[in-house]
Amino acid sequence: MAAASCTFNGSSAETFTFPSPISVPRDNSASMAPLSNWVTGEAVTNIYTCTLSNSTKGGIGIKFPTMAQAGSYSEAGTTYKVFNTNVPGVGIIYEFRLYTSGAFCDQNGGVNGWNPWLSGSGTVPYSDRYCQNTRSSSYSFGAQLKFRLIQTGRITAGTVQTFTMTNSAQVTDGTFSTAIGSRNYIIGPVTLQALSCTAEGTDVILDTAKKSDFVSATSVKTKPFQFTLRNCPSGMNSIKYQLDPIGTIISATDGTFQNATGANMAKGVGLRITNESNTAPIRFGDASYVVSDYSPTSGNSALPIKMNVSYYRIGTAAQVTGGKVTGTAQLTVFYL
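Parameters and conventions
Residues numbered from 1 in each chain as written. Predicted model: local features only at pLDDT ≥ 70, side-chain atom pairs only at ≥ 80, totals over all residues. Heavy atoms only, no water. Salt bridge = Lys/Arg side-chain N within 4 Å of Asp/Glu carboxyl O. Helix = DSSP H or I, 4+ residues; strand = E, 2+ residues; numbered from the N terminus. Buried < 20%, exposed > 50% of the residue type's maximum accessible area, 1.4 Å probe, protein only. Pairing = 2+ DSSP bridges. Axes fitted to C-alpha atoms, helices over the stretch in contact; angles between N-to-C directions. Core = buried A, V, L, I, M, F, W, Y, C linked by side-chain atoms within 4.5 Å.

Chemist: A description of the pattern of salt bridges should follow, citing residues and the corresponding values.
Modeler: One pass over the structure, following the stated rule, counts 9 salt bridges. Taking the shortest distance from any N to any O, the salt bridge between Glu14 and Arg183 comes out at 3.4 Å. With Glu14 in strand β2 (residues 13-16) and Arg183 in the loop between β16 (175-177) and β17 (184-187), this residue pair connects regions lying 169 residues apart in the sequence. Of the two residues, Glu14 and Arg183, neither departs from the other in class, the shared state being buried. Between Arg26 and Asp27 there is a salt bridge, with its nearest N and O atoms 3.0 Å apart.

Chemist: So what's going on with the sheet that holds strand β14 (residues 158-160)? Which residues, and what values?
Modeler: Taken in spatial order, the 3 strands of this open sheet run β3-β18-β14, and their pairing is mixed. The sheet is open, and its two borders are formed by β3 (22-25) and β14, each paired with just one other strand. Within the sheet, the average angular offset between the axes of one strand and its neighbour, ignoring direction, is 30 degrees. The pairing of β3 with strand β18 (residues 190-195) spans 4 bridges and is parallel. Bridge pairing in β18 links Val24 to Ala194.

Chemist: Give me the lowdown on the nonpolar core, citing residues and values where you can.
Modeler: Judged by nonpolar contacts, the single largest core of 39 residues is most densely connected at Ile92, Tyr94, Leu145 and Phe147. Ranked by residue count, the leading element in this core is strand β13 (residues 137-151), at 6 residues.

Spelled out as structure tokens, the structure:
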């Protein structure tokens, strides 16, 4: 008659601690990219010690997590299931190896000692390794786990709360049990920070223009101005931006938009925004502009984004009327 007399040994929990905080560019939406190195736990060879008799099959199993999955991540020829944490955009993967020691542990493809590293398959509640005894003997069963954080999309700043990822179980003839004890594998809290800068705008006062100025030119009285990004930390891949007027666009590709309406406002005149050298328009809604002076390794205390603004004649010079010209443009910055 099959028999197994087993004892649970050691700690009932092992906590894995990741470096914290982990800083991620605010708008980076990389998918299935590592957020941390592997954090490897203790190699424990005697979570369970058993005496097996009468050809009993005994061993150890690691439970497959029941958390929601975000997809899969592949590394060095191994594909891992990625499990969601409580922070959007942050997932976790795990790998484990099991220890089986005693007579006949090397039968049926088994190993007397440490078995190869595995990732959970999800096809059974537990992934296990066992020994098939042919006479009464003593056996030891253990495990070692490691975990890695994975970015699954754009990350919301926050804290990954402490949670139990998986646990061990003793197995006898295919039946898994935690009745005598179980080792829980716990993920400690991790803080996620969103990297960004402080953006500053400015007011621009254009010089007074005359109606006659528009006879031979569509853009007149050009004046430089700049936005400034301050306290930009290192660790971002790049910073990009786009510009959009708060008002009616005349031509997005030409960087022109209409004057505000109301009493005492000029007609036939809008505004045009061009690059620093005034050689090309700033295309509205185009998020491909790069802050070229940003240093990913050292960061920057102040980064200017330089442009020019000018009056822009909408129709003919004869259609221009006197009055005020005003407009507002909004800078949107992407931290990648």
